[in-house]
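Here are the chains, one letter per residue:
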Amino acid sequence: MKYLIRFRVALISLAVLMVSFGLIGALWLPDYVKTQTEQALSQSLGRTVTIGKIQISPYILQLRFHDFRIAQSKNSNPEQTAVQKNSSSAANTKTTSSVTNQDHLLAIKTITANLSSLSIVHRAPVLQELKIDSPDIKLARDGKGRLSIADILETLAKAPKSEKPFRFAVHNIQLTQGSIDFQDGIKKKTHTVRDLAIGVPVVINFPAKEEIWIEPSISAKVNGAAFELKGKTHVFGEKKEAVLDLNIQDFPLAGLETYADMIPGLKITKGSVSTKLALSFTQEQGQAATTELKGDVRFANLSATHKPTDSHLHSTIEELNLNLQGLQIAMPDLMAKSRVESIELASGTNGRMILADPTLKGVNPFVASNIALKLNPIELSGATPAAIDLAAQINQRGKVAVKGNVSGWSDLNTSAGSLDVQASQVDVIAFQRFVAGFLHNALFTRGQANFEGKILIGAQAGGRSGEAIPAVRVSGNASLNDFSLLDQTSSAEIARWKQIQLRGLQVATNPFKASIRDINANNLFGRITILPSGELNFRHILEAQATSEPSAGSTMQAKPSSATPKVSGTVSDTSPKVSDTVPDTSRKTKTDLPIEIGQIRLTDSSVLFNDQFTKPNFRASLNNLAGTLGPLKGGAPGSIDITGTVDRTAPLSIQGRLDPFARDLFLDLKVIARGIEMPPMSPYSVKYLAYPIEKGKLSLDLAYSLQGGQLKAENKIFLDQLTLGDKVESPDAISAPVSLAVALLKNSRGEIDINLPISGSINDPEFKIGSIVFKAFINLIVKAATAPFSLIASLFGGGADLSQIDFAPGLASISLESAKAIESVAKAMNDRPALKLEITGTANATKDTDGAKRAILQRQVRAEKLAELAKKGESAAALRDIQVSPDEYPKYLTQVYKKAPFKKERNLMFMTKAQPVPEMERLLLENIQVAESELLALADQRSRAVRNQLVKQGVPAERVFVMGSKLGEAGRAEFSLR
């Protein structure tokens, strides 16, 4: 009985205790826990934490929080507060939370936690179940990048860390109907997560049984796109494993580019991504972890723009779909095991890729549409080649198709592949932007490119250390049709052609080698213009490539100077010798260029030359150009045979051999043109000669030979009936009597035949063929005008200088040598009917006075003999024909001496004393007087003697003028032309 009473008392006490426990846990404890929890969390977080109510079920060890809330910081700036208030409307999605106040950081409808009795066993809290219903999180980042929870994170970071970690275990975690709003004040974007559901079987931080597998799951709608993550993890024991399935359904990509600052200028306007991926993780004890990502990724309806600030080129993508099937990324064996089973890129109904340059107004952009690309498989190791199948439409009519295979994706130096390429009617305007850096203010206005062939990619040894280097070989046929290039500066086409075909094209790199079986150019047109600045139009258009070389205009402006090539010897001897000691800078290669061209065929082509530098402007054209060139190969000169016309009337022929690809340029060319009308060349004759051309035809016979850097050229110029107009003012004209030069060069038939040889080293930077030929021609005109008799001597012989005829002192007789010189002058006068000759006789007061005295003495001696003959009654010749022999000379000299009126030495008989012949000559010469009038008379005799000799040679007397005589430095007859 006693034991029964004790049992009843214990049972009643237990019942009272259980009732008391239930009453305390249900009635008093909730308010106490609520108060203590709010105070503790508010103090630790620095935020106001409120709990609507707490329910405790002590018998089932259940704790339930209702309306749990963490407020936003009181120090939130107005911008952040406004962001938070508008986050729901910006997301355009209604939250599932029952809390309508937007000023909270975290609001949870209910939190239910069921405590397990195993907590006593493990001496750590163990929850059997944790349910979180309708959590709502409001996060924000202000314009300076500070998060709205930055103060909480800073507080937690400062909290002291326990040396012994807090042990816990939570089973069956369930989060339902979650909602997150994130307002980014920097990117001006709002991101939302709705219908967030998280299920985790267990989270534990102390050892448990190895057979425990954790299978978490997460699902939500992120910015309206379905997201699902499932998997299982084995985190206990020596081997740790995890497998996660990541599924995303149509996740929107618009706006996410703002978080990819590594691609400035990118803007995604449309598109979504869907994934079906599996991420596996494995780590054996003591070994490195391995991670592998497998599955499929799909990008749908992508639309984006890329406008980098450092480039004019803008790109646009409109509605493209990209599928990566069988994706496999393995870490750390990225190169060895990573691959993609298949990549497919396809455009939608309106899908296309656009490359445009807004600075090129009115120029169509590069547009690729109807895109279909397939790659499979792609292994980064390169072990298995990837098949490629690409098709696309370029702009309106162009089509491109590429098929083949490529391997070695991981290292371009060891990549290999074979591609069949077909491109037809590709509009070259689409590539305008790609050449904008090379062409200045010039535009492609039309043109279609075509190519059919093969591209081979391989690797060859040849690097500095013998490593493999990439090599590419291109073979096939190409053409560029209906092409035109517009120079916007002059508003004129600079080049155009109907068709250029390249057949049998072979190009290889490493080492470089190129060959073309034949090139056909049809209806080609080129415009060469010297701009008002003096520069060539091609130099202006290729402004980025321009060098510091003198312009064509500056070369032509230079007037003849002492450095100008001189005409000497004959008219054809005008060879300016250019130093060949200048180092060779024209070719950097030490071998022939590895380029071969079988044949170039030219038909119905033309070149227009326009000199806007010269005023008035000069224009000329080469028309109807047709012919062949080739074969061309370094070390084997090819032939050239091209015919055409100059200004559509004068026939033109270019024939010879050339080797443009040899180490040293070789050519042997002959250029012949006949009957080019010269009046259009008046701008040049006015500028440099001060005379327009009224009439005349020009014929050219040019021969150029270049070998070993040494040029030899024969420039035969034939001018027929050249007629100049009235002189005009020109500051650049030479100061020489041009009309006289033309009259001197022109023969009796109205022809001027000139040969201007040129020789020198092309390696000399100062050597410019056009400039030297031009200067030589101008120098010839100058020499003809200023030294005409040197030119006559070169044309007709007779000595180096025919500008004068020299006479013996005191005499007016013409020597044999002088007669030959006069004959040459007579020939020139007879062959140049427009010339008039002036003769001026001169005498020297010293030399001719002594000579005149001796002439007078000799005349007196002959007169004595003539008188003696007359006294004897003998008939004699004229005085000038009387000959006195050496034996007779002393006799007749003595007679002259005795008759002389000056005082003489006498003997004892008072008779004139006899003197030796030299003494008599000395005394007689000392006493003979010669007046200035007698010297001028001698000069007159000289000029008349030359005039008479010229008339005798057939020169009309009316074209020869005897000028007034004069005293000079020597006794001669001087010539001048007019």
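Residues numbered from 1 in each chain as written. Predicted model: local features only at pLDDT ≥ 70, side-chain atom pairs only at ≥ 80, totals over all residues. Heavy atoms only, no water.

Another point: the overall build of the chain. For the chain, the helix and strand inventory stands at 16 helices and 37 strands. Split into buried and exposed, the 978 residues of the chain put 40% on the buried side. In the chain, once contacts between residues fewer than 6 apart in sequence are set aside, the share between residues at least 24 apart is 61%. Only carbon and sulfur atoms are counted for the fraction: they give 57% of the accessible area of the chain, which is about 52900 Å². (Helix = DSSP H or I, 4+ residues; strand = E, 2+ residues; numbered from the N terminus. Buried < 20%, exposed > 50% of the residue type's maximum accessible area, 1.4 Å probe, protein only. Contact = heavy atoms within 4.5 Å. Areas by Shrake-Rupley, 256 points an atom, 1.4 Å probe, with all protein chains shown as cover.)

Time to look at the nonpolar core. Formed by 122 residues in total, the largest nonpolar core has its most connected members in Leu837, Val946, Leu950 and Leu977. Examining the composition of this core, we find that seven residues originate from one element, helix α9 (residues 738-745), more than from any other. Leave out the neighbours within four places in its chain, and Leu977 touches Leu740, Leu744, Pro788, Phe789, Ile792, Met829, Leu835, Lys836 and Leu837. Leu45, Ile51, Ile56 and Ile70 belong to the second-largest nonpolar core, a separate cluster that totals 25 residues. (Core = buried A, V, L, I, M, F, W, Y, C linked by side-chain atoms within 4.5 Å.)

Bringing the packing of aromatic side chains into the picture now. Applying the stated criterion across every chain yields a total of two aromatic pairs. Taking 5.3 Å as the distance between ring centres and 65° as the angle between the ring planes, the aromatic pair formed by Phe444 and Phe483 counts as edge-to-face. Of this pair, Phe444 sits in strand β19 (residues 442-461) while Phe483 sits in strand β20 (residues 468-487), and the two are 39 residues apart along the sequence. One exposure class covers both Phe444 and Phe483, and it is buried. (Phe/Tyr/Trp six-rings, centres within 6.5 Å; stacked < 30°, edge-to-face > 60°.)

The subject of this paragraph is unusual backbone geometry. Geometrically, the link from Met331 to Pro332 is a cis peptide bond, its omega value of 5° lying close to zero. Secondary-structure assignment places Pro332 in the loop between β12 (314-331) and α5 (334-337). A cis amide bond links Asn510 to the next residue, Pro511, at an omega of 0°. Its location among the elements puts Pro511 in the loop between β21 (492-508) and β22 (513-522). Of note, the phi angle at Asn301 is positive, near 55°, even though the residue is not glycine. With respect to the element layout, Asn301 can be found in strand β11 (residues 290-306). If you check the backbone angles, Asp482 has positive phi at about 50° while not being a glycine. Along the chain, the position of Asp482 falls in strand β20.

Orientation of helix α14 (residues 889-899) relative to helix α15 (residues 917-927), taken along the N-to-C sense of each, is 40°, at an axis distance of 10 Å. Put simply, α14 runs oblique to α15. The chirality of how α14 crosses α15 is left-handed. Residues Tyr889, Pro890, Leu893, Thr894, Val896 and Tyr897 of α14 form the contact with α15, whose own contacting residues are Val917, Met920, Glu921, Leu923 and Leu924. (Axes fitted to C-alpha atoms, helices over the stretch in contact; angles between N-to-C directions. Parallel < 35°, antiparallel > 145°, perpendicular 65-115°, else oblique. Left-handed = near helix turned anticlockwise from the far one by under 90°.)

Residue placement: Thr842 occurs in strand β34 (residues 837-843). Looking at Thr842, the relative accessible area reads 1%, which means it is buried. With 93 residues separating them along the chain, Thr842 and Leu935 place their C-alpha atoms 8.5 Å apart. In this structure Thr842 touches Asp848, Ala939, Arg942, Lys966, Gly968, Ala970, Gly971, Arg972 and Glu974, once residues within four positions along its chain are discounted.

Inspection of every chain in the model, using the stated rule, returns 27 salt bridges. In this structure, the salt-bridge partner of Asp420 is Lys454, at a minimum N-O distance of 2.5 Å. Placement of Asp420 in strand β18 (residues 416-427) and of Lys454 in strand β19 is noted, with a sequence separation of 34 residues between them. Judged by relative accessible area, Asp420 falls into the partly exposed class, the value being 39%. Residue class for Lys454 comes out partly exposed when judged on its relative accessible area of 29%. Note that Asp482 and Arg446 form a salt bridge whose closest N and O atoms lie 2.9 Å from each other. Of this pair, Asp482 sits in strand β20 while Arg446 sits in strand β19, placing them 36 residues apart in sequence. Relative accessible area serves as the criterion here: at 41%, Asp482 is assigned to the partly exposed category. Taking relative accessible area as the criterion, Arg446 reaches 31% and is therefore assigned partly exposed. Linked by salt bridges that have partners in common, Asp136, Lys138, Asp181 and Arg194 make up one network. (Salt bridge = Lys/Arg side-chain N within 4 Å of Asp/Glu carboxyl O.)

Below, the discussion takes up the pairing of strand β5 (residues 169-184). Here strand β4 (residues 126-141) runs beside β5; their pairing, made up of twelve bridges, is parallel. Pairing of Ile132 across the sheet is with Leu175, part of β5. Following the backbone out of β4, through helix α4 (residues 150-158) and into the adjacent parallel β5, one traces a crossover that is right-handed. As judged from the twelve bridges shared by β5 and strand β6 (residues 189-204), these two strands associate in the antiparallel manner. Within the sheet, the bridge partner assigned to His171 lies in β6 and is Val202. A loop of four residues connects β5 with β6, the two strands running antiparallel in sequence, and Lys188 in this loop sits at a positive phi of about 60°. (Pairing = 2+ DSSP bridges. Right-handed = clockwise from strand over helix to strand, strands pointing away.)

With that settled, consider the confidence of the model for the chain. Of all residues in the chain, 80% attain a pLDDT of 70 or more, and the chain-wide mean is 78. Across the chain, the secondary-structure element scoring lowest on mean pLDDT is helix α7 (residues 552-557), at 38, and the one scoring highest is β22, at 93. Residue range residues 77-101 is modelled with pLDDT below 50. Its contacts to residues more than four positions away, or to other chains, number 49 contacts. (pLDDT = per-residue confidence, 0-100.)

A word on a nonpolar patch on the surface. A contiguous nonpolar surface patch, about 320 Å² in accessible area, is contributed by Ile329, Met331, Leu334 and Met335. Elements with a contribution of two residues or more to the nonpolar patch: β12 and α5. Summarising the element assignment, Ile329 is placed in strand β12. On the basis of relative accessible area, Ile329 is assigned to the partly exposed category, the value being 32%. (Patch = residues over 30% accessible without salt bridge, like charges linked within 9 Å, V, L, I, M, F, W, Y side chains within 5 Å.)

Before going further, it helps to examine the packing of helix α13 (residues 847-871) against α14. Direction vectors running N to C along α13 and α14 enclose 100°, while the axes themselves pass 9 Å from each other. Taken as axis vectors, α13 and α14 run roughly perpendicular relative to one another. Facing Leu857, Gln858, Gln860, Val861, Glu864, Lys865 and Glu868 of α13, the residues of α14 in contact are Tyr889, Lys891, Tyr892, Leu893, Gln895, Val896 and Lys899. Looking at side-chain class alone, the contact of α13 with α14 contains six nonpolar, three polar and five charged residues. (Nonpolar A, V, L, I, M, F, W, Y, C, P; charged D, E, K, R; others polar.)

Look at helix α16 (residues 932-952): 30 Å from first C-alpha to last across 21 residues, which is about the 30 Å you get at 1.5 Å a residue. Residues of α16 that are buried: Leu935, Leu938, Ala939, Arg942, Ser943, Ala945, Val946, Gln949 and Leu950. Summarising the axial view, the buried residues of α16 lie within an arc of 150°, below the 170-degree limit, and thus occupy one face. α16 presents Ser933 and Lys952 as exposed residues on the side facing more than 90 degrees away from its buried surface. Trailing α16 by a residue or two, Gly954 shows a phi angle of about 105°, which is positive. (Expected span 1.5 Å × (residues − 1). Arc of directions from axis to C-beta.)

Attention shifts here to the pairing of β34. Two faces, one strand: in a regular strand the side chains alternate between the faces of the sheet. Taken across its seven residues, β34 has seven buried, putting it largely inside the fold. Burial along β34 is two-sided: the residues Leu837, Ile839, Gly841 and Ala843 and Glu838, Thr840 and Thr842 are all buried. One ladder, built from three bridges, connects β34 with strand β35 (residues 960-962); its direction is parallel. Residue pairing for β35: Glu838 is matched across the bridge by Phe961. With two bridges connecting them, β34 and strand β36 (residues 966-967) associate as parallel partners. Paired with Ala843 across the strands is Leu967, a residue of β36.

Here we take up the environment of Asp357. Note that Asp357 resides in the loop between β13 (339-356) and β14 (366-376). The class for Asp357 is buried, based on a relative accessible area of 9%.

In terms of residue burial, α9 counts as a mostly covered element, since seven of its eight residues are buried. Those residues of α9 not exposed but buried are Val738, Leu740, Ala741, Val742, Ala743, Leu744 and Leu745.

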